[in-house]
Amino acid sequence: AVLGPLGNPTHIEKKGTVVCVGGGIGVAPLHPIVQAHKAAGNKVIVIMGARNKDLLIFEDEMRALADELYIMTDDGSAGTKGLVTEPLKQLCESQCPPAEVVAIGPPIMMKFCALTTKPYNVPTVASLNTIMIDGTGMCGGCRITVGGETKFVCVDGPEFDAHLVDFDGAMRSSAMYRQMEKEKDCQGMEKLSQESK
Ligand code: FES
């Protein structure tokens, strides 16, 4: 069965300049947000990051939409070699800093985007993509800490004030789940190899 829509819609209004930062596959869910900010009359600057050229997605679509586009890759195979936080910092330092930053990508990227914008007091929204199991706030699988309070990404999110999110805690629990998954897989393998004997 499919249940939905769950969670809360992105809050979009005319604010001026909005910087949208997408890392890896986070660029895909960023695309409708860029579209909505454009439709609301905002100037949208997009910063996209990927490990290399082959992992860059939605480049043409973003180029068509964005008022300015920065492409950053770890190896310099496309755009500029470096991290998404480099152009982000420059934009925050500029004469007219962005009214808002939206970041979607790996937690480590969102953490560093939040750390980059914080000293400039640029409001920053992180769209979190934690593990979700029931999607109703019952299982606790997507629990995170925001400003010292427990929140559930599925019902309270997925967007949160990035300056308040405990990204380290979120990364610790996703590492824990990955480990549990790995153990589960290993156990499955063990069972399979016993059966085949
Ligand atoms: Fe279960 Fe959010 S997915 S509480």
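Note that the structure is predicted; figures quoted are calculated from it, not measured.

A. Here's a closer look at the pairing of strand β8 (residues 149-152). Two elements, strand β7 (residues 143-146) and β8, share four bridges in a ladder whose sense is antiparallel. Paired with R143 across the bridge in β8 is F152. Counting the residues in the hairpin turn of β7 and β8 gives two residues, including G147, whose phi is positive at 60°.

B. Structural view of the packing of helix α3 (residues 85-93) against helix α4 (residues 107-117). Packing of α3 against α4 leaves a shortest axis separation of 9 Å and a crossing angle of 20°. Here α4 runs roughly parallel to α3, going by the angle between their axes. Viewed along their axes, α3 and α4 form a crossing whose handedness is right-handed. The residues of α4 that touch α3, namely those facing T85, L88, K89 and C92, are F112, C113, T116 and T117. Considered class by class, the residues forming the contact of α3 with α4 number four nonpolar, three polar and one charged.

C. The arrangement of the nonpolar core in detail. Residues V19, V21, I47, L128 and F167 are the most contacted members of the largest nonpolar core, which totals 29 residues. Counting only elements with at least two residues in this core, the list comes to β1 (17-23), β2 (43-50), α3, β5 (100-104), α4, β7, α5 (153-156) and α6 (167-195). Not counting residues within four places of it along the chain, the set of residues in contact with V19 comprises I45, I47, L88, L91, P98, E100, V101 and V102. Judged by nonpolar contacts, the second largest core, of 17 residues, contains A50, A66, A78 and I104.

D. Structural view of the pattern of salt bridges. One pass over the structure, following the stated rule, counts seven salt bridges. Salt-bridge contacts for E100 lead to K15; the nearest nitrogen and oxygen are separated by 2.6 Å. Here K15 lies in the segment before β1 and E100 lies in strand β5, a separation of 85 residues in the sequence. For E100, a relative accessible area of 10% gives the class buried. A salt bridge links K38 to D67; the nearest nitrogen and oxygen atoms lie 2.9 Å apart. Residue K38 is located in helix α1 (residues 27-39), and its partner D67 is located in the loop between α2 (59-65) and β3 (68-73); the two are separated by 29 residues in the primary sequence. K38 sits in the partly exposed class, given a relative accessible area of 29%.

What counts and what doesn't
Residues numbered from 1 in each chain as written. Predicted model: local features only at pLDDT ≥ 70, side-chain atom pairs only at ≥ 80, totals over all residues. Heavy atoms only, no water. Pairing = 2+ DSSP bridges. Helix = DSSP H or I, 4+ residues; strand = E, 2+ residues; numbered from the N terminus. Axes fitted to C-alpha atoms, helices over the stretch in contact; angles between N-to-C directions. Parallel < 35°, antiparallel > 145°, perpendicular 65-115°, else oblique. Left-handed = near helix turned anticlockwise from the far one by under 90°. Contact = heavy atoms within 4.5 Å. Nonpolar A, V, L, I, M, F, W, Y, C, P; charged D, E, K, R; others polar. Core = buried A, V, L, I, M, F, W, Y, C linked by side-chain atoms within 4.5 Å. Buried < 20%, exposed > 50% of the residue type's maximum accessible area, 1.4 Å probe, protein only. Salt bridge = Lys/Arg side-chain N within 4 Å of Asp/Glu carboxyl O.

It is worth stressing that arrangement in space is one thing and function is another; only the former is reported here.
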